[in-house]
Amino acid sequence: MKAKLLIAILPFAGIILLILIILTIIASLFGSDTAFYQSYFVLPFDTNTYTITSPYGERIDPINNEKSFHSGIDVVPTSSNIVAIADGTVVVSEVQESGGESVIIEHKLGGQVYRSGYHHMKENSRTVKVGDVVKQGQQIGIMGATGRVTGPHLHFSLQKFNASSQKFEYTDPSIVINNNISAKEYNLYDYDNNKPFDNDKLHPELRDPYYTPPTLKP
Ligand SMILES: [Zn+2]
């Protein structure tokens, strides 16, 4: 009886599978960057409440009042824990004159190569070095005001590799921010013990007055 039912269902399952495959192909052909970013990136901090204080693109520089290109966005989250937006490898971890405490992570996602940048972090708060493999949601530092700044914020940038020019090019990272992938989606990662974040045990040296525990995936 059960076998008969299975045989009766089988052709339908095949049709459903075929439809799913066709839909996936269509989605990949017409898929927007938004859908791509939604599936691969989370917010660069462990909260979904934040204020964007300066957008990407041409702007009047807040320090010298001259017209300049702002290569990322300035954002102030309500939690100062800065996290990796996706799995990747650290390609820059240094103190820069203008960027202050900076980390850049390279991500190979869906056949594309991206670099996400996190700047002006708190002095000595970087937890990763060049070559480190990081997990999405892994804490890489604390928001601060190092480098060329007027106040504490995260300068967050996104670069995409252009195969024809063989160069990384800046792209507007606000799409990652505006997707507003909930803090509930975060899977903060304890990279020392290779398991999800244990709030009580991990990074006691990183705790600061603004520390808020992350919401873990069930
Ligand atoms: Zn900035």
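Residues numbered from 1 in each chain as written. Predicted model: local features only at pLDDT ≥ 70, side-chain atom pairs only at ≥ 80, totals over all residues.

Participant: Is there a simple way to think about the overall build of the protein chain in this case?
Facilitator: The helix and strand tally for the protein chain stands at three helices and 14 strands. Relative to its 218 residues, the protein chain shows a buried fraction of 31%. (Helix = DSSP H or I, 4+ residues; strand = E, 2+ residues; numbered from the N terminus. Buried ≥ 20, exposed ≤ 12 C-beta atoms within 10 Å, placed from the backbone.)

Participant: Explain the nonpolar core to me, please; I cannot follow it from the model alone.
Facilitator: As a rule of thumb, soluble globular proteins bury nonpolar side chains together. Counting residues in hydrophobic clusters, the biggest one holds 28 residues, and the most contacted among them are Ile82, Ala84, Ile85, Val103, Tyr118, Ile140 and Leu154. Of all the secondary structure elements, the ones that give two or more residues to this core are strand S4 (73-77), strand S5 (81-83), strand S7 (100-109), strand S8 (112-121), strand S10 (139-142), strand S11 (154-162) and helix H3 (174-178). Setting aside chain neighbours within four positions, we find Ala84 in contact with Ile105, Val134, Lys135, Gln136, Gly137, Gln138 and Ile140. (Core = buried A, V, L, I, M, F, W, Y, C linked by C-beta atoms within 7 Å. Contact = placed C-beta atoms within 7 Å.)

Participant: Mind showing me how you'd approach the environment of Asp74 here?
Facilitator: Mapped onto the elements, Asp74 comes out in strand S4. Judged by the 22 C-beta atoms lying within 10 Å of it, Asp74 falls in the buried class. Residues contacting Asp74, with those up to four places away along its chain left out, are Thr53, Ser54, His153 and His155.

Participant: Please explain the environment of Gly137 as it appears in this structure.
Facilitator: If you trace the backbone, Gly137 turns up in the loop between strand S9 (133-134) and S10. Overall, the presence of 26 C-beta atoms within 10 Å leaves Gly137 in the buried class. Sequence separation between Gly137 and Asp46 is 91 residues; the distance between their C-alpha atoms is 7.5 Å.

Participant: I would appreciate a short explanation of the pairing of S7 in the present structure.
Facilitator: Counting buried residues along S7, seven of its 10 residues qualify, which places the element largely inside the surrounding structure. Direction of pairing for strand S6 (residues 88-96) relative to S7: antiparallel, over a ladder of seven bridges. When the bridges of S7 are listed, Val95 appears paired with Glu101. Hairpin geometry of S6 and S7 is characterised by an intervening segment of three residues between the two adjacent antiparallel strands. Pairing of S7 with S8 involves eight bridges; the strand directions are antiparallel. Bridge pairing in S8 places Ile104 opposite Gly117. Linking two consecutive strands that pair antiparallel, namely S7 and S8, is a turn of two residues; a positive phi of about 55 degrees is found at Gly110 within it. (Pairing = 2+ DSSP bridges.)

Participant: Just to check I follow, could you spell out the confidence of the model for the protein chain for this structure?
Facilitator: Should pLDDT be low for a region, the predicted coordinates there are not to be read in detail. Taken residue by residue, the protein chain gives an average pLDDT of 78. The fraction at 70 or more is 72%. Note that pLDDT drops below 50 for residues 182-187; the model gives that stretch 17 contacts with residues more than four away or on any other chain. Within the model, the stretch residues 198-218 combines pLDDT values under 50 with 27 contacts to residues more than four positions away or in other chains. (pLDDT = per-residue confidence, 0-100.)

Participant: Can you walk me through unusual backbone geometry in this structure?
Facilitator: Not every positive phi belongs to a glycine, and Asn65 is a case in point at roughly 60 degrees. Positive phi, close to 60 degrees, is recorded for Gln166, a residue that is not glycine. With respect to the element layout, Gln166 can be found in the loop between S11 and strand S12 (167-171). Overall, Gln166 belongs to the exposed group, with 7 C-beta atoms counted inside 10 Å.

Participant: I'm lost on the pairing of S8 in this one. Help?
Facilitator: Residues in a regular strand project their side chains so that they alternate between the two faces of the sheet. Summarising burial for S8: seven of the 10 residues are buried, a large majority. Relative to S11, S8 is paired through six bridges, and the arrangement is antiparallel. Counted as the bridge partner of Ser116 is Leu158 from S11.

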